[in-house]
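So you can see what is in the structure, the chains are spelled out below.
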Amino acid sequence: MSAFRNKRILLVEDEFIVAAMAEDMLTDLGATVVGPAGTVACGLSLAETELLDAALLDVNMDGERIDPVAEALMARRVPIVFATGYGAAGVGGAEDAPVLDKPYTQEALVLALSRAMNIQP
Amino acid sequence: MRSRLEAAEQTLRAMRSGEVDALVVDGPQRPHVCTFKSTVEPYRLLIEQMAQAALTVSRHGLILYCNESFARLLGRRRDSLLGARLQEHVVDGDQAKLDELLQNGYEPGREFAMRTQDGDLVEAYLSSSPLAVEDDEVRCIAVTDLSQQELRLRHVAVVEASHDVIYALDENLSIQTWNHGAELLTGLAPVEAIGRSESELWPSSRVAELTDLVRQVRESGRPVSIDTVRRREDGSRADLIYTLTPIMGRDGQLTGYSVVAHDITDRKQNEERLGFLTAELDHRAKNLLASVQAIVALSARNASGLEDFLGSFKARLQALAVAHTLLSDHNWGGALIRDIVDGALGGFKDDSRIRIEGESVELRPVTAQNLALSLHELATNAVKYGSLSVPRGRVEIAWWLNDGRLTIEWSERDGPPVTPPKRHGLGSRMIQQLVAEKDGQVDYRFDPHGVYCRFELSPDMLSSWTPNQESQTGMA
């Protein structure tokens, strides 16, 4: 059905209602959601231990930056998409990662994930 | 009478043109002969042209001679003053003082109020000395216009007292004056600053800026302002508007510069703060839109039809709004769990079927919002299918702290028999997320006698927020 079928995608988002929607969007694409993680600590634990094809990360986690999670993912060469209300603000070391401006549509999510994972949408 | 006046005028004209060497003045007992021992032309010219007002009077106040400056001070024509009495131009209250001035041969100086042609008063300082004449009948009076003097002194005082930095440079940028504001900013006393070169006060990395500024001022002949920064004595950074103004001599040549620097650090900080707040506001608005978008999507997904969608959408939006109001009331520093629980129960919070019990605990902003929406789902389900759907049903909501972790318990009793739902609702999904994922416990059971839900929040979801503390954190 889609290029994301059975892809394992880490979801880190502190607002659970937004996380639930993102989870539905990813599930609808056929992906398997790892998480959702609501804290940086939990996201980091999943980023270090889970088998992952990509990650969708909220940038500001209740005042705490997502950077440690992003760094752990980059070390494992896991493609990242950032979602933020702050606009396209690069996260340390991951300036090339696509940035989704909140609120985002499913189409925008597909484009960003495709770019990050270097696959045809 | 007329002939005497004509004679007096002739005498005065002769005096002015330097033709007389002596003057006969009527005294109280007998006429006196006043002789100018030294009516040398250069002296006359000096007195004529000097800026200070000066006059000679007889001991009785008859004005024998005055210079143009004196006439100007009183706003009168000089020829109208010659031969008049000085007393006519001094206010009544100062007449006794004037008599003393005229009687004493030598008077170092007193203040007088003098009246101008227009009736205005001029404060003046009069000093008198006997003119070297044969007898003691003529006084030479020097008049200092205090109104001008006062203005000048006030001008100096304004510069000196200003908290703005104001000082003068010579044409080689050597510091010549140093006001209080300059001392405040730099910590340098006047004695330390005067004589130094302006460039020594500039950070070495910015000296090129000064060179460029001086060039612009020289070329344009006009003041030029720049924004620059300085280190204060205590090492802190000061943002300045720095204005260099050329000072021209009488010949139109540049003789130096004035420096005026205004500290705009506070303004800059306010601008930065405003920029931060605007970005934060934009960020919050976008996050709120994302939340609303999520509520729309999730409500639509689970709705059986438009009516069902509208009902759950409106109720969830309301729950979100209540949580936002609580957080906004506390400057987004956090919220009290009791307020969140009350808000999530909405119209049911005072319902006799509900018991709420727990200590005062503060939640971080995002946790507060997540909990508010989760509890809203539990409450909605209780009203639709659970114990709040019947009159005798009960709900107990309790929480307690244990080792820094917050346990929250929701238990329904005496409702209709419970059957587990076919799929997880939004409330269940959110509560699963709410608990601390790694080692948190969630216990969500659809027991036949009532729904039971118990979950734990980790210490980092709780806030050390106090009502007066402003939020430094945002939502995302």
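Quick summary incoming for the structure in this document. (Residues numbered from 1 in each chain as written. Chains lettered and ligands numbered in written order. Predicted model: local features only at pLDDT ≥ 70, side-chain atom pairs only at ≥ 80, totals over all residues. Heavy atoms only, no water.)

As a further point, take the overall build of chain A. A tally of helices and strands in chain A yields four helices and seven strands. Going from the N terminus to the C terminus, chain A shows its helices and strands as β-α-β-α-β-β-β-α-β-β-α. Across the 121 residues that make up chain A, the buried fraction comes to 58%. Look at the contacts in chain A between residues 6 or more apart in sequence, and 64% of them connect residues 24 or more apart. (Helix = DSSP H or I, 4+ residues; strand = E, 2+ residues; numbered from the N terminus. Buried < 20%, exposed > 50% of the residue type's maximum accessible area, 1.4 Å probe, protein only. Contact = heavy atoms within 4.5 Å.)

Once that is clear, we can look at the overall build of chain B. Within chain B, the secondary structure is distributed over 14 helices and 18 strands. A burial count over chain B gives 42% of its 476 residues as buried. Surface summary for chain B: the accessible area is close to 25,800 Å², and the carbon and sulfur share equals 51%. (Areas by Shrake-Rupley, 256 points an atom, 1.4 Å probe, with all protein chains shown as cover.)

It is worth spelling out the pairing of strand 10 (residues 237-248) of chain B at this point. Residue and element names in this part refer to chain B. Alignment of strand 9 (residues 224-231) against strand 10, held across eight bridges, turns out to be antiparallel. When the bridges of strand 10 are listed, Arg231 appears paired with Arg237. Connecting strand 9 to the next strand, strand 10, in antiparallel fashion are five residues, including Gly235 with a positive phi near 90°. Sheet topology places strand 10 next to strand 11 (residues 254-263); nine bridges connect them, and they run antiparallel. Across the sheet, Leu240 pairs through a bridge with Asp263, a residue of strand 11. A loop of five residues connects strand 10 with strand 11, the two strands running antiparallel in sequence, and Gly252 in this loop sits at a positive phi of about 85°. (Pairing = 2+ DSSP bridges.)

Looking at where Ser197 of chain B falls in the secondary structure, it is placed in the loop between helix 8 (190-193) and helix 9 (207-220). Within the local environment of Ser197 of chain B, its side chain forms a polar contact with the side chain of Ser199 of chain B, the two groups lying 3.0 Å apart. (Polar contact = N/O pair within 3.5 Å; in protein donor to acceptor, adjacent residues only side chain to side chain.)

Here we take up the interface of chain B and chain A. Counting residues at the interface gives 34 residues for chain B, matched by 31 residues for chain A. For the chain B and chain A pair, buried surface summed over both sides reaches about 2,800 Å², with 55% attributable to carbon and sulfur atoms. Between the two partners, chain B and chain A, sit four salt bridges. One salt bridge connects Arg301 of chain B with Asp28 of chain A, and the closest N-O pair in it is separated by 2.5 Å. (Buried area = accessible area lost by both parts, 1.4 Å probe. Salt bridge = Lys/Arg side-chain N within 4 Å of Asp/Glu carboxyl O.)

All names here are of chain B. When you tally the buried positions in strand 18 (residues 450-457), you get seven out of eight residues, the bulk of the element. Bridge count between strand 16 (residues 405-413) and strand 18: six bridges; the pairing is antiparallel. In the strand pairing of strand 18, Ser411 is matched with Tyr452. Linking strand 17 (residues 442-447) back to strand 18 in an antiparallel pair, the connection comprises two residues.

Moving on, we come to the nonpolar core. Buried together is how nonpolar side chains tend to be arranged in soluble globular proteins. Grouped together as the largest cluster of nonpolar side chains are 74 residues, with contacts concentrated most on Leu56 of chain A together with Trp410 of chain B. Leave out the neighbours within four places in its chain, and Leu56 of chain A touches Ile9, Leu10, Leu11, Val12, Ala22, Leu26, Val81, Ala83, Leu100, Tyr104 and Leu109 of chain A. Among the nonpolar cores identified, the runner-up in size contains 25 residues, and Trp202, Leu213, Leu240 and Tyr257 of chain B belong to it. (Core = buried A, V, L, I, M, F, W, Y, C linked by side-chain atoms within 4.5 Å.)

Below, the discussion takes up the pattern of salt bridges. All names here are of chain B. For the structure on display, the rule yields 33 salt bridges over all chains. Glu377 is the partner of Arg316 in a salt bridge, and the nearest nitrogen-oxygen pair spans 2.7 Å. Highlighted residues: Arg316 in helix 11 (residues 306-329) and Glu377 in helix 13 (residues 365-384), separated in sequence by 61 residues. With a relative accessible area of 9%, Arg316 lands in the buried category. Within this structure, Arg355, Glu357, Arg394, Glu396 and Asp414 form a network of salt bridges that share partners.

Looking now at the packing of aromatic side chains. For the coordinates displayed, the defined rule picks out four aromatic pairs over all chains. It is Lys97 of chain B that lies over the ring of Phe112 of chain B; its NZ or CZ is 5.1 Å from the centre. (Phe/Tyr/Trp six-rings, centres within 6.5 Å; stacked < 30°, edge-to-face > 60°. Lys NZ or Arg CZ within 6 Å of the ring centre and 35° of its normal.)

Residue and element names in this part refer to chain B. When you line up the elements, Asn67 lands in the loop between strand 4 (63-66) and helix 3 (68-74). Classification of Asn67 by relative accessible area gives buried; the value is 0%. Residues within four places of Asn67 in sequence aside, it is in contact with Ile47, Glu48, Met50, Gln52, Ala53, Ala54 and Arg78.

Next up on the list: helix 13 of chain B. Between its first and last C-alpha atoms helix 13 of chain B spans 29 Å; for 20 residues at 1.5 Å apiece the expected length is 28 Å, and the two agree. When you tally the buried positions in helix 13 of chain B, you get 16 out of 20 residues, the bulk of the element. (Expected span 1.5 Å × (residues − 1).)

Residue and element names in this part refer to chain B. Across the sheet, four strands lie side by side as 8-11-10-9; this open sheet has antiparallel pairing. Here the strands that pair on one side only, and so sit at the sheet edges, are strand 8 (165-170) and strand 9. Going from strand to strand, the sheet's axes swing by 30° on average, the running direction of each strand aside. Relative to strand 11, strand 8 runs antiparallel, the two sharing six bridges. Looking at strand 11, one finds that Tyr167 is bridged to Val259. Lying over the sheet, helix 10 (residues 265-302) contacts strand 9, strand 10 and strand 11, oriented at roughly 130° with respect to strand 10. (Axes fitted to C-alpha atoms, helices over the stretch in contact; angles between N-to-C directions.)

Residues and elements named next belong to chain B. Tracing the sequence through the fold places Ser258 in strand 11. Owing to a relative accessible area of 19%, Ser258 belongs among the buried residues under this scheme. Each C-alpha atom, one on Ser258 and one on Thr245, is 5.1 Å from the other, the two residues being 13 residues apart in sequence. Every residue in contact with Ser258, bar those within four places of it in the chain, is listed here: Tyr167, Thr243, Leu244, Thr245 and Ile247.

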